[in-house]
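# Reading the structure
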Amino acid sequence: MQRRWLNERSTHSPRIYAATPTRSADRKEGAYLVPYFILLLLIGIPLFFLELAVGQRIRRGSIGVWNYVYPQLGGIGVSSLMVCGFVGLYYNVIIGWSIFYFFQSFQNPLPWAECPIRKNGTQAIVEPECEKSSATTYFWYRQTLNITSTIDETGGLNWKMTLSLLVAWILVCLAVIKGIQSSGKVMYFSSLFPYVVLFCFLVRGLMLKGSVDGIAHMFTPKLEKMLEPQVWREAATQVFFALGLGFGGVIAFSSYNKRDNNCHFDAALVSIINFVTSILATLVVFAVLGFKANVMNEKCVVENAEKILGFLNTGVLSRELIPPHINFSHLTAEDYSEMYGVIKTVKEDSFGQLGLDPCVLEDELNKAVQGTGLAFIAFTEAMTHFPASPFWSVMFFFMLINLGLGSMIGTMTGITTPILDAFKIRKEILCVVCCIIAFLLGLLFVQRSGNYFVTMFDDYSAGLPLTVVVILENISVAWIYGTKRFMQDLEDMLGFRPYTFYYYMWRYVSPAILVVLIAATVIEMSVSPAGYNAWVEEEGSERFHNYPPWALAMAYSLIVVAMLPLPIVFIARHFNLVSDGSNKLSVSYRKGMMKDISNLEEQDEQRFILGKNPSEAPSPMPAHRAYLGPGGTQEMTNTNYGTSTKTGYQNIGSPESEL
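Basis of the calculations
Here the residue numbers are simple positions, counted from 1 along each chain's written sequence. This being a predicted model, a pLDDT of at least 70 is required before a residue's local features are given, and a value of 80 or more before pairs of side-chain atoms are given or counted; all residues contribute to the totals for chains, interfaces and linings. Only hydrogens and water are set aside when side-chain values are computed; all heavy atoms of the structure are taken into account. Any two strands with at least two DSSP bridges between them are considered paired. Strands here are runs of E lasting at least two residues and helices are runs of H or I lasting at least four, both read from the DSSP assignment and numbered beginning at the N terminus. Each aromatic pair joins two rings of Phe, Tyr and Trp (for Trp, the six-membered one) with centres within 6.5 Å, and gets the label stacked for planes under 30 degrees apart, edge-to-face for over 60, and tilted for any other angle. Geometrically, a charge over a ring is one whose NZ (Lys) or CZ (Arg) sits within 6 Å of the ring centre while staying within 35 degrees of the ring normal. UniProt positions are given in the numbering used here, feature names are shortened, and annotations may be inferred rather than shown by experiment. Note on exposure labels: buried denotes an accessible area under 20% of the residue type's maximum, exposed denotes more than 50%, and partly exposed covers the range between, all computed with a 1.4 Å probe on protein chains only. The term salt bridge refers to a side-chain nitrogen of Lys or Arg lying within 4 Å of a carboxyl oxygen of Asp or Glu. When two cysteine sulfur atoms are found within 2.5 Å, that pair is recorded as a disulfide. Patch criteria: residues need more than 30% relative accessible area and no salt bridge. Like-charged residues are merged within 9 Å; nonpolar side chains of Val, Leu, Ile, Met, Phe, Trp and Tyr are merged within 5 Å. With residues, only the protein chains shown are counted as cover, and all accessible areas are computed by Shrake-Rupley using a 1.4 Å probe. Confidence of the predictor at the level of single residues is given by pLDDT, which spans 0 to 100. Should any heavy atoms of two residues lie within 4.5 Å, those residues are considered in contact. Expected helix span is computed as 1.5 Å times (number of residues minus one).

## Focus on the pairing of strand S4 (residues 541-546)
Here strand S3 (residues 531-536) runs beside S4; their pairing, made up of 6 bridges, is antiparallel. Pairing of Asn533 across the sheet is with Phe544, part of S4. Counting the residues between successive antiparallel strands, the hairpin from S3 to S4 contains 4 residues, one of them, Gly540, with a positive phi of roughly 65 degrees.

Below, the structure written as structure tokens:
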């Protein structure tokens, strides 16, 4: 018997959710791709296959699954739910930003194409904050976020972002209630549209000046960077987010698959598609970053050339220092580099007082914007140089909204499925209540200082808790339940035995890598100052600030709250303070069972009318082996609703899977 949604079936949802990059605006660089690929092979694919298989075998949400595998570690599912909640809170804010930019894109020229002009009496001057940064940066920080200078200054609610967040939660609520599987055309469009947009952006991006420099920078190996623990931590976090590991959504979606579905093929296919998508997106990103780096480098050359002209006119520098072939009206980056080298050599003693910048393209590429600024600063600036720029902007932000909704459906499923399994409540009511509560809590992120809290939640609420959740999932199956036993279950379920590669990954390699990642994360959090990049209006740039004590306490409390269910559930069940929940049938399962029993009675009645003996009717249940208890020798039975079903304690085979 297959599990059912209350409203719709979702047999292919693992592919949709896992292929949706949650962190679509993260940094990717040459030194990052190699660790990402290695970790995808060593922990991504094996653990993604593990989650798919566990969900498909037990046919429950994240909480019910781990109650069956090992009840004392049932807190894994609750921690997954907490992480989903934290991520959903701030991630939907990003969708709100995309919605705001989407509607702003229906203008020609785009509102971030040029700096605004301020009238000062009879004079018209460029807005100083914009002049010191750029038009797209100014529009992001001032027109969109209207950001404060520190996290201590709340600044009140930003009504534009508040309205955008409300629209985002309404869209998410409707999408979760209706389900993307309810329309095949919608599913195909939402899956293929991002690839079309990315490919178009890649073709157009390659036509931009400097795009080749960005792509060359992407594929240039940087061994010194690869030795930094932070690069491996970021790569691991990206693997978790890209495949949905630890969120509970993969388990929830796979629990609706057919029992004999080839989840091994699903795991391999989704991982390959995910990696190819990452490469495609990275090419687009670095093509745009290469263009932006060239623009910023040219701006640097112009500003410093004006300084040199000033020094020449005032006699600080001799004109003999300037090579004769250099023309200041058509100064290239190579000409400036040559001139800079001559002045630095001759004026070695007083060179520092001149305040000249080297204007090296490689430096601009290395400090390229990342995180949310990648989508809302770098890409918006590139689109201003496209012909028909409003069209490209509409397509780009519509793609971001589409990707964001796909990720949020998976995140919300990781929250709602365990609750629906445990309580008798309508899915529609639960979704509406969750969205209302989330919107109210999300008002924290639409204050003028809200961007700083988005950064805090992104840094602290998911990374370490996700890694802990994933390693406990791995240990529960590989060491407590038993890898050999699990491989045998997979052979019974799939009809073939998975490769030995998975045995060694689950049992030794993946746990060891995750332990190293946890240790590296804890060490870095201990030695590195915790802080954020604050926008300084007077300078038109960002400056790193340490978190004040209250913000630091809030950041660490996110980690504690996300992981607190783990020790609480362990202690409570170790001392038998609460039921282990391993033999409790989920609400959705009981509904499905009663429906199948009703169908069976109707079939028997029809056969009786036709003169057939009901006992001759073929059983709707597939043949299965007797279910064994934890010792593996004694069959355990439980009678429910007049039907004999097999149940077990600490066993991967649940009543649902046996049916």
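Anyway, onward from the coordinates.
## Quick look at the packing of aromatic side chains
Scanning the entire structure with this criterion turns up 47 aromatic pairs. Judged by centre distance (5.9 Å) and plane angle (75 degrees), the ring pair of Phe391 and Trp392 falls under edge-to-face. In this structure, Arg507 packs its charged tip against the face of Trp479, placed 3.9 Å from the ring centre.

## A short note on the UniProt feature "binding site: Na(+)" (unreviewed entry) in the protein
Taken from the UniProt record, the annotation "binding site: Na(+)" (unreviewed entry) applies to Asn274, Leu403 and Ser407. In summary, the annotated positions, though distributed over 134 residues, converge in three dimensions, the widest C-alpha pair being only 13.5 Å. Checked against the element boundaries, Asn274 lands in helix H13 (residues 263-314). Residue Asn274 is classed as buried on the basis of its relative accessible area of 4%. Here Ser407 lies in helix H18 (residues 389-422).

## A few points about the pattern of salt bridges
For the coordinates displayed, the defined rule picks out 10 salt bridges. Across the pair Arg118 and Glu127 runs a salt bridge whose closest N-O atoms are separated by 2.7 Å. Residues Glu381 and Lys292 are paired through a salt bridge, measuring 3.0 Å at the closest nitrogen-oxygen approach. Of this pair, Glu381 sits in helix H17 (residues 372-383) while Lys292 sits in helix H13, placing them 89 residues apart in sequence. Across this residue pair, the class does not change: Glu381 and Lys292 are buried. Overlapping salt bridges, with partners in common, bring together Glu129, Arg142 and Glu537 in one network.

## Details of the state of the cysteines
A complete count under the given rule lists 2 disulfides for this structure. For Cys115, the disulfide goes to Cys130, at an S-S distance of 1.9 Å. Of note, the bridge from Cys115 to Cys130 carries an S-S torsion of about -80 degrees and is left-handed in sense. With Cys115 in the loop between helix H4 (75-104) and strand S1 (117-120) and Cys130 in helix H5 (residues 128-132), this pair connects stretches of sequence that are 15 residues apart. Take Cys130: its relative accessible area is 1%, and that puts it in the buried class.

## Examining a nonpolar patch on the surface
On the surface, Trp159, Leu163, Leu166, Val167, Ile170, Leu171 and Leu174 cluster together to form a nonpolar patch covering roughly 660 Å² of accessible area. When you line up the elements, Val167 lands in helix H7 (residues 159-178).

## A look at the confidence of the model for the protein
Low pLDDT marks stretches whose predicted atomic positions should not be read closely. Mean pLDDT over the protein works out to 80, with 81% of the residues at or above the 70 mark. For residues 1-28, every residue scores under 50 in pLDDT, and the model assigns this stretch 110 contacts once sequence neighbours within four places are set aside. Every residue in residues 585-659 is under pLDDT 50, and counting partners more than four places away or in other chains gives 125 contacts.

## Describing helix H11 (residues 229-243)
Taking 1.5 Å as the rise per residue, H11 with 15 residues should run 21 Å; its terminal C-alpha atoms sit 21 Å apart, in good agreement. With respect to burial, H11 is a largely interior element, 11 of its 15 residues being buried. Taken together, the buried positions of H11 are Val231, Arg233, Ala235, Ala236, Thr237, Gln238, Val239, Phe240, Phe241, Ala242 and Leu243. Two residues or fewer past H11, Gly244 is found with a positive phi of approximately 75 degrees.

## Observations concerning the environment of Leu361
Inspection of the secondary structure puts Leu361 in helix H16 (residues 361-366). As a C-alpha pair, Leu361 and Met296 span 65 residues in sequence and 8.6 Å in three-dimensional space. Here Leu361 is in contact with Asp213, Ala293, Asn294 and Asn297, once residues within four sequence places are set aside.

## Regarding the environment of Ala293
By the element assignment, Ala293 lies in helix H13. Of the residues examined, Ala293 reaches a relative accessible area of 3% and is grouped as buried. Taking the C-alpha atoms as reference, Ala293 lies 9.1 Å from Asn366; in sequence the two are 73 residues apart. Setting aside residues up to four positions removed in sequence, Ala293 forms contacts with Leu361, Glu364 and Leu365.

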